[in-house]
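Here is what each chain is made of, one letter per residue.
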Amino acid sequence: MSGARWALRPLASASFSLRSGSRRTLSRASSACFWRANAACAHAPAVASAARPARPPSRRVCSSSSVPAMTRHLARARGACFSSGGASLGGRSHDGSSSAAIAGTPQRRTRHVTHVSSLSDPLPEDIPSWTGQALETDETERLPFEAKTRDEDAHSLRDSKTTKRSPSLETASRTYAVPTASRIFCNRSLNMASIAAVGFDMDYTLAMYKPETFETLAYAETKKKLVDVYGYPREVLELEYDHTYMVRGLVVDKKRGNVLKMDRHKYVKVARHGFEPLSTESRIETYCATSAKADQFSGPGYANVDTLFALGETYLFCQLVQLKERYLREEEEIEEEEGEENENESETNEEDDALRRRRALACKPFEKMYDEIRASVDLCHRDGTLKRAVAEDPGKYIHADDALVPMLRALRASGKKVFLLTNSLWDFTNVVMNFLVADQRGEAKTVEWMNLFDAVITGSCKPGFFENERAAIFEVDVNTSVLRNTDDGAPMTPIGASEAEDAPFAGLRSFSSGDKRDKKQPPRAYQGGSYRHLHAMLGVSGGNQILYVGDHIYGDVMRSKKTLGWRTMLVVPELAHELKCLEDAEAKGAPEAIRNLRRERDALSDAAQLRRWRASVIRDASVEAGTGWSGGTSLGDDPSGVDGYEGARDLGDAHFFAADPELRSLTLRAAEAKKRHREKTRELHFAFHPVWGQLMKAGSQNSRFAHQLERYACLYTSHARNLVAYSPQKTYRGQSDFMPHDDRGDGEHH
C-alpha cells in the first residue's frame, strides 16, 4: 500500500500525541501549542494579515516544493475537488475527465445532480490548509500495518527530509478558514472539553457507499427477491434505478401509495402517487383539510425515508405503484379477451404465468407491496448477497477516505476515548473498516484497524441499544466470528475449556472495571448489549459525556438524545449539495428577489384586504341605515371579467369591485405578485432538486427533516471526517434564536 494513503498521519502524531514518551524539542512543543490555539479558531474567518494566501485552483503541489511533506503526499494520493463541486486541483477526475475541464462550473449531466454527486467526490486536496497543518512531520508513530510501507516510502521520505523546514512562530500562528461545505454547524452549544468519548456509526458515517453501485446492487437484488419469492411479474426485473430521484426527509403513505414532503408543522407541501403529482385539490383534501384529529403521519400506515439506505426501496415502491395502476387499467381489457370458460385452463398453462402475476399485483394493496419490498431488502442482507459483493471488491462500493485515520487519531491523542457502534455484524464491519483504514481486502485483512478505537460494538440493534437494558452482550472471536457468551459483560468459561483458551476473551472484565486499555492486549469486539455495557467500557458516568456521530435521524440521533441525553452530531451528506446550490442562488440574487416579491405581495394583499373590509363596513352601515349601497345591485356595471377572476373567490363577492374599482386593481396586482412570488420560489427549489426541492425547506418553512435535525442534533455536517478541521477541545456555539418580532426591519414574515 502506498505511503501516500497515510499522508495525513502526522496530524495526530506531530501536533497531538504526547503519549509516546519521546522528548520534544522546545520549538516542536511550541509549535504544537500554537497549532492547538489556531485549530480552535479554525471556524472563524481567516485574518487577512496572518492567513496564508489561497492556492490558485489550477496549481498542482509538486514534490519538489517547500511545502510540508504531508501536503505533497496528499497531493500525490489524489487529485481532488471539494464535495460541494468546487474546482479540481489538477490531475484527472474520478470519471477520467480532465480536471481542467471541470474546474469552475460543472458540466451538465444527463440527470439532475443531487446530493449523491457529493458522495462521489474525492477527498479535498487542501485539507492540510484548513487543518492548519504546517508542522514538522513525525515518523515515529505508526499503526502495525503501516510498518510494511517504510521501505516503499524510504526514497520519498529522504526527499522530504531534505526540503523540510522547522516550524516557526509565524507558520504555527496562521489561521485557516474551513471550506463552507466542510464546516460543522451547531444547533446546541457544545464544549468538546467536557466530552470524554466520541462514537461513530459505520454505514454512511465512516463508510460512504457509492449509490451508483451499492444502492443499484441492493435495488437489483431486491427485484429478484420480489419476483422469485413473492411472485411479482417478471417485468419488474426490467425496471431501472435512478439514484438521483429520491431524497431523505420524505414520508411514504403506504395505504394510498403516495410519497409526501411536509414542513415542520406536518403540512404536506408536495405529494405524489407513484411518480404522478397529486392535484392541489386532491392533496389538500387528503392531507391538509382540518379534522377533529390531525394526522400525525406516524404508525404502521406510514414509513419515514430518514436514511440513505431507504432511497432505493422508496423508488422501487413508486415504480410498482405505477405498474399496478397500469395493470388496473388493462385488467378490464384482459377480462374481455379471456372468457370464463378459458379461465381455469389458462391458469394451468405455463405461458400464462405472466398474466396471473400481473393480476396478482393489480389486486395487491399498496401497503402489502411496501411491506414485501422491505422484506425483500431484509432477505438480501440475511442471505449475504450484498455482503459478499462488497467483500469481493470494497472499492467498487465504498469511497476511500484519507482523512478518517487522522481524525480518529486526533481525537484519541487529545485524551478522548473513541468507539465504533454499528448495527452491522462483525464480518461485514471487518471488511469495511479494513478497506477504509488500510485498503486491505480478502486474505490480507487484519484486525489492526481496531487500534484506532477503544471499544467496538457490532450488531448493536439500534435504536433498541439505547432502551433495552437487559440485552445480552457477546464477545466476538475476531478470527472466526464465533460469539462468546458473557454474564452481563463478565466472561464465562465453558465447561472443559482451558485457561489458555479462555484468555483471548477476558477483555470485558478489564473494560467493566474501567482499567486503561493495554495496547499489547489482542483487539476485542462485541456484539449486542446495551448502553450500560458501553458506558462501563468507556468509564463514563453520564450520557452528556458522550458525543455520537451518525447518519440516521431516528436510530442514531433522536433515540440516543431523548433516552440517554447523549450529545449528537448528524452526518448529512446532502448538505454539500445544498450549500453549493445556496451559494449559486446567492450569486444570482434569487433569495433577495424572493424576499422583495414577498414584501410586495404582502403589502398589496394587506392593502386589498383592508380596503375590502372597509367596503364591507360601509355596506353594512348603509344597509342598516336604509340609505342603500351603490355596489349592492349592479354586477353589470363592471362586465370586464370580474366573475371569472380567481381573486373574487378569495376576497369576497364581485359586488365590491363594481362599487370600488381601486379595490379591483389592488386585488389584481396582489394576485399577480402572489403568482410571481410562487414562481420564483418554485424556481429556487427546482435548482436544488427538480421534484422535491430544497432538502431543508418545504415552501418557505423548514422541512420536517430540518425540524428534526434542529431539534435532536447538537451538531451537523456533511461528513464525519470534517472533525479533523477543528480542535478536539473546541467549543461549538449555536446561533441566537430568532423570532418574527425580533425583526425590526422590513423582513420577510410568514
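Computed from a prediction, not measured in an experiment: that's the story for all the values here.

Section: the sheet that holds strand 6 (residues 268-273)
In space, the 5 strands of this open sheet follow the order 7-6-5-4-8, with antiparallel pairing throughout. Unpaired on one side and paired on the other, strand 7 (276-277) and strand 8 (302-305) mark the two borders of the sheet. In this sheet, strand 7 lies alongside strand 6 in antiparallel orientation, the contact comprising 2 bridges. Bridge pairing links H273 to E276 in strand 7.

Quick notes on the packing of helix 15 (residues 385-392) against helix 18 (residues 426-438)
The interhelical angle for the contact between helix 15 and helix 18, taken along N-to-C directions, is 25°, at an axis separation of 10 Å. In terms of orientation, helix 15 and helix 18 fall into the roughly parallel class. The two elements helix 15 and helix 18 meet at a crossing, and its hand is left-handed. Within the contact between the two elements, helix 15 uses K387, V390 and A391 and helix 18 uses D427, F428 and V431. Class assignment of the residues belonging to the contact of helix 15 with helix 18 gives a composition of 4 nonpolar, no polar and 2 charged.

Focus on the sheet that holds strand 11 (residues 473-476)
With respect to topology, 10 strands assemble into an open sheet ordered 1-20-17-16-3-9-10-15-11-12, the strand pairing being mixed. In the strand order of this sheet, the two ends are held by strand 1 (184-186) and strand 12 (483-484), each with one partner. Each of strand 16 (546-550) and strand 17 (567-571) is contacted by helix 22 (residues 553-564), which is oriented at about 165° to strand 17, the strand it contacts most.

Some points on the side chain of Q708
Here Q708 is to be found in helix 28 (residues 704-712). Relative accessible area serves as the criterion here: at 15%, Q708 is assigned to the buried category. When near neighbours in sequence (up to four residues on either side) are disregarded, Q708 contacts I553, M558 and A713.

Section: helix 15
Among all positions of helix 15, only T385, L386, A389 and V390 are buried. Viewed end-on, helix 15 has its buried residues packed into an arc of 125°, placing them on one side of the element. Looking at the buried positions of helix 15, the neighbouring elements they touch are helix 9 (211-228), helix 14 (366-382), helix 16 (394-397) and helix 18.

Remarks on a nonpolar patch on the surface
On the surface, a nonpolar cluster with roughly 300 Å² of combined accessible area is contributed by L610, W613 and V617. Among the secondary structure elements, W613 is positioned in helix 24 (residues 590-625). Residue W613 is classed as exposed on the basis of its relative accessible area of 53%.

Cut-offs and rules
- Residues numbered from 1 in each chain as written.
- Predicted model: local features only at pLDDT ≥ 70, side-chain atom pairs only at ≥ 80, totals over all residues.
- Heavy atoms only, no water.
- Pairing = 2+ DSSP bridges.
- Helix = DSSP H or I, 4+ residues; strand = E, 2+ residues; numbered from the N terminus.
- Axes fitted to C-alpha atoms, helices over the stretch in contact; angles between N-to-C directions.
- Parallel < 35°, antiparallel > 145°, perpendicular 65-115°, else oblique.
- Left-handed = near helix turned anticlockwise from the far one by under 90°.
- Contact = heavy atoms within 4.5 Å.
- Nonpolar A, V, L, I, M, F, W, Y, C, P; charged D, E, K, R; others polar.
- Buried < 20%, exposed > 50% of the residue type's maximum accessible area, 1.4 Å probe, protein only.
- Arc of directions from axis to C-beta.
- Patch = residues over 30% accessible without salt bridge, like charges linked within 9 Å, V, L, I, M, F, W, Y side chains within 5 Å.
- Areas by Shrake-Rupley, 256 points an atom, 1.4 Å probe, with all protein chains shown as cover.
- Salt bridge = Lys/Arg side-chain N within 4 Å of Asp/Glu carboxyl O.

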